[in-house]
Every structure is written in C-alpha cells, then in structure tokens.
Amino acid sequence: MPELSLELPARCTSLFEGKNILVQVPTLRTLQVTAKTAFIFILPQYNISVPTADGELVHYCYGLKDLVTILFYIFIAIILHAVVQDYALDKISRRFHLSKVKHSKFNESGQLVAFHLTSMIWCLYVIVTEGYFSNPRSLWENYPHVYLPFQVKFFYLCQLSYWLHALPELYFQKVRKEEIPRQLQYICLYLVHIAGAYLLNLTRLGLILLLLQYVAEFLFHMARLVYFTDENNEKLMGVLLVVCLFQTWMMWRFIHFQLRRWREYWNEQSARKRAAASATIAKQQSKPLKRESGYHENGVVKAENGTSPRTKKLKSP
C-alpha cells in the first residue's frame, strides 16, 4: 500500500517536530471490496436477469443475505422512529398535557399513523405500477412467483425491518408491563404474515391484503389520535362521518363492479347464443337439397325410363 507524507501547517510543526507523518492511501481494490460489502447492507441481493421479448429484466429472489439488509434497515427504522417521536409527537403531547396512559397510547398511534400512511401510499404505488389492479389474474397466474421486481422485494424487506425494529422499541419507549403482551402479539402477527407471504412466494396477494389492512389501521389510529386530543369529542363526530362516507363509497364501488361484471357476463352469453344460431342457420342453408329421381314433364314426375311412377294403393282396413 503506498505511503504519502503529509506537511502540517506552520503553527502545528512545533508539536510534531522531528517526526514524519505518514498517511496510508487505500487502493482501488480496497475501495471495491468496501463498496461490495456496503451494497450487501443497502441493496437487495440475489438478482437474476430474466430474458424477455423486449430484452432482459432484472428480478430478485430471497436468501440468507436478506437478513443483513434487514438488519441495516432496522437501524434506519430506529432512527426514523426517534425523529418522529422527538420532532412531532413529543411537542404535540406537551401541548395537550396528556396523562401517562394517554401519552403512551398517543405515541403508539402517532407512530403507526406515520408508518401506515407511508406504507399505504407505497403499497398502492407498487400495485399500480406492477399492473396488479389492471390485470387481477396476475395475482395467481404463473404461481409460484419466485422472481420479484426490485420494488416488490425492497418493500417486503422494509416491512420486515420495521416490525422487527418494533421489538427493541418496546424497551426504548419504556412500555408498561401490562401493555407488552398485547403489543408483542400485534407485532408477531404482522411478522408471521409478511414473512409467510415473502417466503411462500405469495407476494402479489400479500400486497393487496397489506393495502387493505393498512387502510383500516390508518383510519383506526387516526380516529384514536383525534379522540386523545379532543376532550369534548367535537372532532370525533367529523371523523366518524368521514369513515361512514368512505365505507359508503367502497360499498358503491363494489356494487358497481359486480353489476358491470354481471352485464358483461350476460352480454357475452348473448353473443355466444347469437353466434351459435347464426352458425346453425348458415349450415342449414349451405346443405344441398335432395332431388327426386327422374324428371318432370307437364307437372308429372317421369321415371328415368320414361314411364310415370305407379302410385301405391292404400289397403282399406
């Protein structure tokens, strides 16, 4: 490794008089090894190039190195948790002079509102860009979905990191002993379902279920925050109205979707019946008519030998 002598300013020469200052400069190989190691912590691993009609797409699968990436983002989640707590929730709780019980629940709901809102928008973006809404059949077609796009795998790694970071946060937030079993059950349920969808190659269906769950959780914890900050319950009726309107809108969209599917089904069935009837008529018209043997003369059918066919006499009973 090369060595480089360093000249100090004049005011510092008296401190290091008679001494040589040597600085080791890292080589390019050292920088490459460091960057490769850093990528294991920052970026998803196990990338695979999949050939397509338009070229090659880079997809990912899972492996043990994902644990290193998850560990890195656990520390990132802890830092973000502290930022939200110090710069937002603590200031709001001091303003409303909450009791210890309400203060603990307020912090819990405040953190979950920030997380659920971010995850809800992120999850919706992934679902739309990957075409899972426009093509619902892709949720189960070509299962198992071993190869994942970058944004799908990164989303799942961040989700696992957040819920794993919630375990040490129980100690950092000094949660009461009575609340620990409930929160442990809450965290473990999310970890089991997210890890199960990730490891069992059910990531597409898991995205849809997480979106629905996060929407419900966001509304619940948002209403909880309003309840803690509104002693006279004046704002609670407004939140309840918003929730009812949202439920009504979802019900209308569901009914409209089912009616549209019903109309498309009956139109398709009618088109099939019309096509079958048209094919039957065309087949009957194209079928040749059987002609009687012989020929007609003066309206009388003559046999081929020139004699008219004899009529059969019916026997009287």
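- Named according to an unreviewed UniProt entry, the protein chain is Translocating chain-associated membrane protein 2 isoform X4 originating from Alligator sinensis.
- Regarding the protein chain, the relevant UniProt record gives this comment under Subcellular location (unreviewed entry): "Membrane".
- UniProt, in its Sequence similarities (unreviewed entry) section for the protein chain, records the words "Belongs to the TRAM family."

**What to know about the pattern of salt bridges**
Move 1: Taken as a whole and judged by the stated rule, the model has six salt bridges.
Move 2: One salt bridge connects Arg224 with Glu108, and the closest N-O pair in it is separated by 3.9 Å. In this pair, Arg224 sits in helix H6 (residues 203-229) while Glu108 sits in helix H3 (residues 100-129), placing the two residues 116 residues apart along the sequence. Across the pair, Glu108 and Arg224 agree in class, each one buried.
Move 3: The residue Glu268 makes a salt bridge to Arg272 at a minimum N-O spacing of 2.9 Å. Of this pair, Glu268 and Arg272 are both found in helix H7 (residues 234-286), four residues apart, which corresponds to roughly one turn of the helix.
Move 4: On the basis of relative accessibility, which here comes to 52%, the residue Arg272 falls in the exposed class.

**Some points on the UniProt feature "transmembrane region" (unreviewed entry) in the protein chain**
Move 1: The positions UniProt marks with the feature "transmembrane region" (unreviewed entry) are residues 70-89, 110-128, 148-167, 188-216 and 236-255.
Move 2: Summarising residues 70-89: 100% helix, 0% strand, and an end-to-end C-alpha distance of 26 Å.
Move 3: In this annotation, residues 110-128 is assigned 100% helix and 0% strand; the end-to-end C-alpha distance for the span is 27 Å.

**Section: the layout of surface pockets**
Move 1: The space that makes up the largest pocket amounts to roughly 1000 Å³.
Move 2: For the largest pocket, the lining is made up of 25 residues, of which Phe133, Ile208, Leu212, Met250 and Phe257 are closest to its centre.
Move 3: Listing elements by their share of the lining of the largest pocket, those giving two or more residues are H6 and H7.
Move 4: Of the residues forming the lining of the largest pocket, the biggest block, 10 residues, is contributed by H7.
Move 5: Partitioning the lining of the largest pocket into residue classes produces 19 nonpolar, two polar and four charged.
Move 6: Put simply, the second largest pocket is a space of about 510 Å³.
Move 7: Around the second largest pocket sit 24 residues that line it, and Ser104, Glu108, Gln173, Val175 and Gln183 are the ones nearest its centre.
Move 8: Contributions of two or more residues to the lining of the second largest pocket are made by helix H2 (66-96), H3, helix H4 (150-172) and helix H5 (180-199).

**Topic: the packing of aromatic side chains**
Move 1: Scanning the entire structure with this criterion turns up 21 aromatic pairs.
Move 2: Aromatic side chains Phe115 and Tyr162 sit 3.7 Å apart centroid to centroid with 5 degrees between the ring planes, which places their arrangement in the stacked category. Of this pair, Phe115 sits in helix H3 while Tyr162 is found in helix H4, placing the two residues 47 residues apart along the sequence.
Move 3: When its relative accessible area of 10% is taken as the criterion, Phe115 is described as buried.

What counts and what doesn't
Residues numbered from 1 in each chain as written. Predicted model: local features only at pLDDT ≥ 70, side-chain atom pairs only at ≥ 80, totals over all residues. Heavy atoms only, no water. UniProt positions renumbered as here; feature names shortened; annotations may be inferred. Salt bridge = Lys/Arg side-chain N within 4 Å of Asp/Glu carboxyl O. Helix = DSSP H or I, 4+ residues; strand = E, 2+ residues; numbered from the N terminus. Buried < 20%, exposed > 50% of the residue type's maximum accessible area, 1.4 Å probe, protein only. 1 Å grid on protein atoms, 1.4 Å probe; cavity = no way out; pocket = protein on both sides within 12 Å on 5 of 7 lines; lining within 4 Å. Points joined across faces, edges and corners; volume = space filled by probe spheres on them. Nonpolar A, V, L, I, M, F, W, Y, C, P; charged D, E, K, R; others polar. Phe/Tyr/Trp six-rings, centres within 6.5 Å; stacked < 30°, edge-to-face > 60°.

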